[in-house]
Number of protein chains: 2
Amino acid sequence: MMDRSESLRTDARWIAAAKRDASSRFVVYAGTDVYLRDSLPIGPVGVTARALEELGANLDLALFLGRENGVAWFAIDVAAIAPSERSSIETLGRRVALGAIQDPVGEDAWALLAQARSLLAWNARYRHCPTCGAPMEMRSAGYVRACTNAECGALHFPRSDPAIIVRVTYEDRCLLARQPAYRPGLYSILAGFVEPGESLEDAVRREVAEEVGLCLAHVAYVGSQPWPFPTSLMVGFAAEAACAEIHVDGREIESAEWMTRSVVGTRSENGTLILPSAKSIARRLIDAWLLRAGSATDRHS
Amino acid sequence: MMDRSESLRTDARWIAAAKRDASSRFVVYAGTDVYLRDSLPIGPVGVTARALEELGANLDLALFLGRENGVAWFAIDVAAIAPSERSSIETLGRRVALGAIQDPVGEDAWALLAQARSLLAWNARYRHCPTCGAPMEMRSAGYVRACTNAECGALHFPRSDPAIIVRVTYEDRCLLARQPAYRPGLYSILAGFVEPGESLEDAVRREVAEEVGLCLAHVAYVGSQPWPFPTSLMVGFAAEAACAEIHVDGREIESAEWMTRSVVGTRSENGTLILPSAKSIARRLIDAWLLRAGSATDRHS
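Described in the following lines is the structure provided in the data block. Position numbers for residues count from 1 along each chain, tracking the sequence in the order it is written. Working convention: letters from A go to chains and numbers from 1 go to ligands, in the order in which they are written. Residues qualify for local features only when their pLDDT is at least 70, as the model is predicted, and side-chain atom pairs are given and counted only at 80 or more; totals for whole chains, interfaces and linings, by contrast, use all residues. Based on all heavy atoms of the structure, the side-chain values leave hydrogens and waters out of the count.

Turning to the packing of aromatic side chains, a few remarks are in order. Geometrically, a pair of aromatic rings is defined through the distance of the ring centres and the angle of the planes. Within 6.5 Å between ring centres, the rings of Phe, Tyr and Trp (the latter by its six-membered ring) count as paired, and their orientation is classed by plane angle as stacked under 30 degrees, edge-to-face over 60, tilted in between. Under the defined criterion, the tally for this structure stands at 21 aromatic pairs over all chains. Judged by centre distance (6.4 Å) and plane angle (40°), the rings of tryptophan 110 of chain A and phenylalanine 229 of chain A are tilted. Taken together, the residues span a long stretch of sequence, with tryptophan 110 of chain A in helix α4 (residues 107–125) and phenylalanine 229 of chain A in the loop between β12 (216–227) and β13 (232–241) at a distance of 119 residues. Exposure remark for tryptophan 110 of chain A: the relative accessible area of 4% places this residue in the buried category. Ring geometry for phenylalanine 64 of chain B against phenylalanine 74 of chain B: centres 5.4 Å apart, planes inclined by 50°, an arrangement best described as tilted. Placement of the pair is phenylalanine 64 of chain B in strand β3 (residues 63–68) and phenylalanine 74 of chain B in strand β4 (residues 71–77), with a sequence separation of ten residues. Exposure classes here rest on a 1.4 Å probe applied to the protein chains alone. A residue is buried below 20% of its type maximum, exposed above 50%, and partly exposed in between. With relative accessibility at 0%, the residue phenylalanine 64 of chain B sits in the buried group. Joined through ring pairs, the aromatic side chains of Trp14, Phe26, Phe64 and Phe74 of chain A make up one cluster. The lysine or arginine in question, arginine 9 of chain A, covers the ring of tyrosine 143 of chain A, its NZ or CZ lying 3.5 Å from the ring centre. Helix and strand assignments follow DSSP, with helices taken as H or I runs no shorter than four residues and strands as E runs no shorter than two, numbered in order from the N terminus. For a Lys NZ or an Arg CZ to count as sitting over a ring, it must be within 6 Å of the ring centre and within 35 degrees of the ring normal.

Interfaces are often sized by the accessible area lost when the parts come together. Contacts were defined at the residue level, with two residues in contact if any of their heavy atoms lie within 4.5 Å. Contact residues are listed per partner, giving 48 residues for chain B and 48 residues for chain A. Considering only the side of chain B, the residues that lose the most area to chain A are Arg125, Arg159 and Pro196 of chain B, jointly responsible for 16% of the buried surface there. Salt bridges are defined by distance alone: a side-chain nitrogen of Lys or Arg within 4 Å of a carboxyl oxygen of Asp or Glu. Inspection of the chain B/chain A interface yields eight salt bridges. In this structure, the salt-bridge partner of glutamate 195 of chain A is arginine 9 of chain B, at a minimum N-O distance of 2.8 Å. We define buried area as the total accessible area lost by two parts upon association, computed with a 1.4 Å probe and summed across both.

Residue and element names in this part refer to chain A. Pairs of strands are assigned from DSSP output, requiring at least two bridges between the strands. Within the open sheet, the five strands sit side by side as β3-β4-β1-β2-β5. Their pairing is mixed. Each end of this open sheet is capped by a strand with a single partner; those strands are β3 (63–68) and β5 (94–97). For this sheet, the mean angle separating the axes of adjacent strands, direction not counted, is 30°. Summarising the sheet, strand β1 (residues 25–30) and strand β4 (residues 71–77) pair through five bridges and their orientation is parallel. Within the sheet, the bridge partner assigned to arginine 25 lies in β4 and is tryptophan 73. To obtain an axis, a line is fitted to C-alpha atoms, over the contacting stretch when the element is a helix, and the angle between two such axes runs from 0 to 180 degrees between their N-to-C directions. Helix-sheet contacts for helix α1 (residues 12–20) involve β1, β3 and β4, and the interaxial angle to β4 is about 85°. On the sheet, α4 packs against β1, β2 (33–36), β3 and β4 and is oriented at approximately 160° with respect to β3.

This part is about the pairing of β1 of chain A. Every regular strand shows the same layout, with side chains that alternate between the two sheet faces. With respect to burial, β1 of chain A is a largely interior element, five of its six residues being buried. Where β1 of chain A hands over to β2 of chain A, the hairpin turn is made up of two residues, of which glycine 31 of chain A adopts a positive phi near 65°.

Bringing the relation of the copies chain B and chain A into the picture now. Superposition of the copies used a least-squares fit over C-alpha atoms from residues whose pLDDT is at least 70 in both. Mapping chain B onto chain A leaves a residual RMSD of 0.0 Å; the transformation is a rotation of 180° accompanied by 0.0 Å of translation along its axis. Given the turn and translation reported, the copies of this chain are related as if by a two-fold rotation axis. Ranked by how close their C-alpha atoms come to the rotation axis, the residues of chain B are headed by glycine 133 of chain B, at 2.1 Å. Looking at chain B, 100% of its interface residues are interface residues in chain A too, so the copies touch through the same face.

Structural data, given as structure tokens:
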């Protein structure tokens, strides 16, 4: 696992030297696409400073991710470089939309891809001071943005948007639902952003009530996962409904259905049901339920 | 519990009418101070629109919190009104710094105070579009801020900063630590913000390693609490250390000590140890451990 080496972020001389060091490696994005190595397990291509400088990439804009086995890792976005110029990176791996990855991704590789993507996205979107409107500049190797207006001088820190995702079951059935934007056949469990002033558990109960009109008898934490689309933190829960009658809101959720394990199995096999990608905590929550046949009253996954 | 009535936020006519309705109530802040009712249990004074208009408060800037038993609740900040002019509110209750409350606060009252404070703080701090620098305007009764530059038009949503707080125990002792900014005698458990690309559990392990150099054998979720200073979401964990040897970082933490229950009891009684305020999840985690005498190997609070 990456050592984030927080104390080095403010050591500008160390950071500048490490960016040019031959042993250092860069996670390279082009907007929402990332360069992945061709071989398994799934992970980013570790591109060298030299390869990036040959492309004309500005290493000053690279963000520090941490160190692993003595190697410093950075993140950089090359979207500003013409795709034809990027062909030398393309030979190192394949360019893939991060969100389109369907296979499982190991926790450490996912953490690295997510850290890079969410830090890049935040730095790209937070260019002006929200307090006074003046331009901001990057500090601490990408973990602080500082207002350049001396009268304001506000410091801003990376954003992580907490969201809940919840597997709702009733007896031997699990609630699977569709959002209007989903591709045909895709069903998942319910999710939504935590609002100001809410606990995670309040957010679970509110989202389930809003989207499908259900009250919950029991809510249990299962685990969490960074979800860099662009800067979310997904917190997973397993809940039991107090009753089975659903009222779909028709806006955030267009349809929802209680499915038994055998219905999920049959429809998945004949292609009429697509579950969320194997990299997601949504899928992990669904799979944990699928594998627990015969233990409908078990409360924990 | 407040029904946040999300669907009403975009109904500008309903919101405008509710703000002037005689039955509606306002949670009133003046910066980081809030007006609390004099009687127990602790809760905000529910100020009327009429009382606020008599002060010259601009109700257009009030934010919608939700409805409870048919009463619409809003949040407003009166810091721009001279304190002498505010005396009519002072007769309704007492003005208190939210952070200075030491007593326990019920979950629903805390949720209301936190929702109001964090929404007000976010709207006050995010006045310009972080993407292009143009002024933003309030939408959706305070839950959206929209860029007024037609070429940009970015929408921005309230910020909630996830942070972890963790009670670390080893055999029959709990680790209590001091930050340099704490008042004399105050000790608490360890806490820190979740970084981009981290799960909650990753953040727990990183913060504990950074601040006191400990590895953890076991990490378990306990619960969560909105922490509006100004916009945090505190997620609480209980962890067992893999060993007892600590190395205080001397920066975020100035000292840390393993304390038995009897040491905590004795020092609290003689005034040499002050625990975090009763409203905090920090205190809830510590109290749960204090009350569990004799079950040193129990992993859950």
